[in-house]
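Structure at a glance
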Amino acid sequence: MITAAITDDHIMVVEGLKTMLKQVEDIQIINTYHCVNDTVDGLQTTLPEVLLLDINLPDGNGIHLCKQLKDTYKELKIIALSNYEDISFIKQIIKNGASGYLLKNTNKTELINAIKAVKNNQLFLPEKLQRMLLNDSLGKPTNSSFFIPTLTRREKEVLELIIKEHTTEEIATLLFITSKTVEAHRSNLIQKLEVKNVAGLVRVAIEKGLI
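In this text, all values refer to a predicted model and were calculated from it rather than measured experimentally.

**Side note on the sheet that holds strand 7 (residues 100–103)**
With parallel pairing, five strands are arranged side by side in an open sheet as 2-1-3-6-7. Lying at the two open borders of the sheet, with one neighbouring strand each, are strand 2 (27–33) and strand 7. Strand-to-strand, the axes of this sheet are offset by a mean angle of 25°, without reference to chain direction. As paired strands, strand 1 (residues 2–7) and strand 2 are joined by six bridges and run parallel to one another. Along strand 2, the bridge assignment pairs Ala 5 with Asn 31. Against the sheet, helix 3 (residues 62–72) makes contact with strand 3 (50–54) and strand 6 (77–82), and its axis sits at roughly 155° relative to strand 3, the strand it touches most. Strand contacts of helix 5 (residues 108–119): strand 1, strand 2, strand 3, strand 6 and strand 7, with the helix running at about 150° to strand 6, the strand carrying the most contacts.

Structure below.
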């Protein structure tokens with residue numbers, strides 16, 4: 001029996017994954033979490049063999065959390081969950097210790113194969129993402145080269161205020177959220193826009209017409 005847990009802030013995604021695995025005799029979902037803090041606290045109590053981890057969470061960045069968890073739990077296998085077929089995301093989270101990467105529209109067979117593969121110390125990527133990585137390594141353009149990310153309403157609000165040179169504290173006050181939440185949104189924006197800092201955010205937001 002392989003024990004697994006899910007971290008995702010979208011209830012429909014969590015329930016969908018649980019439903020696909022409900023009748024699978026050798027995989028058991030033992031816990032579900034909805035944010036970074038829940039995950040960190042929960043794993044201290046009960047550690048699954050495999051964690052399905054959303055890369056965008058309301059209180060932090062799943063890519064960064066992956067590294068934190070792997071530093072703490074060497075034996076934990078992590079499969080990233082994402083809506084994005086994005087080479088930079090895949091490379092970064094694998095570099096941070098993930099054993100697999102799945103799109104949230106995955107099917108039951110692929111999900112089961114991914115969990116069993118990583119449990120057996122194998123790297124799992126859907127065939128399409130494998131081809132994208134291969135093309136990237138050969139210098140061929142991929143869809144992500146022309147990728148325009150979908151931003152949430154809140155991410156757009158934070159981005160607009162960043163461009164207007166507001167500080168973290170000022171953004172938190174204007175949007176009635178905490179500074180920690182602002183930092184989480186900024187971190188997600190940096191990952192989504194494939195940049196390294198706030199200056200890059202401003203440049204790419206203008207180039208892609210996001211503001």
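**Side note on the side chain of Asp 8**
Inspection of the secondary structure assignment puts Asp 8 in the loop between strand 1 and helix 1 (11–21). The contact partners of Asp 8, leaving out residues within four places of it in the chain, are Val 13, Val 14, Tyr 33, His 34, Asp 54, Leu 57, Leu 81 and Lys 104.

**Section: the pattern of salt bridges**
Taken as a whole, this structure holds nine salt bridges when the rule is applied. A salt bridge links Asp 71 to Lys 67, with the nearest nitrogen and oxygen atoms 3.2 Å apart. Of this pair, Asp 71 and Lys 67 both sit in helix 3, four residues apart, roughly one helical turn. Here the salt bridges do not stand alone but share partners, grouping Asp 8, Asp 54 and Lys 104 into one network.

Criteria and cut-off values
Residues numbered from 1 in each chain as written. Predicted model: local features only at pLDDT ≥ 70, side-chain atom pairs only at ≥ 80, totals over all residues. Heavy atoms only, no water. Pairing = 2+ DSSP bridges. Helix = DSSP H or I, 4+ residues; strand = E, 2+ residues; numbered from the N terminus. Axes fitted to C-alpha atoms, helices over the stretch in contact; angles between N-to-C directions. Contact = heavy atoms within 4.5 Å. Salt bridge = Lys/Arg side-chain N within 4 Å of Asp/Glu carboxyl O.

Geometry only, nothing functional implied.
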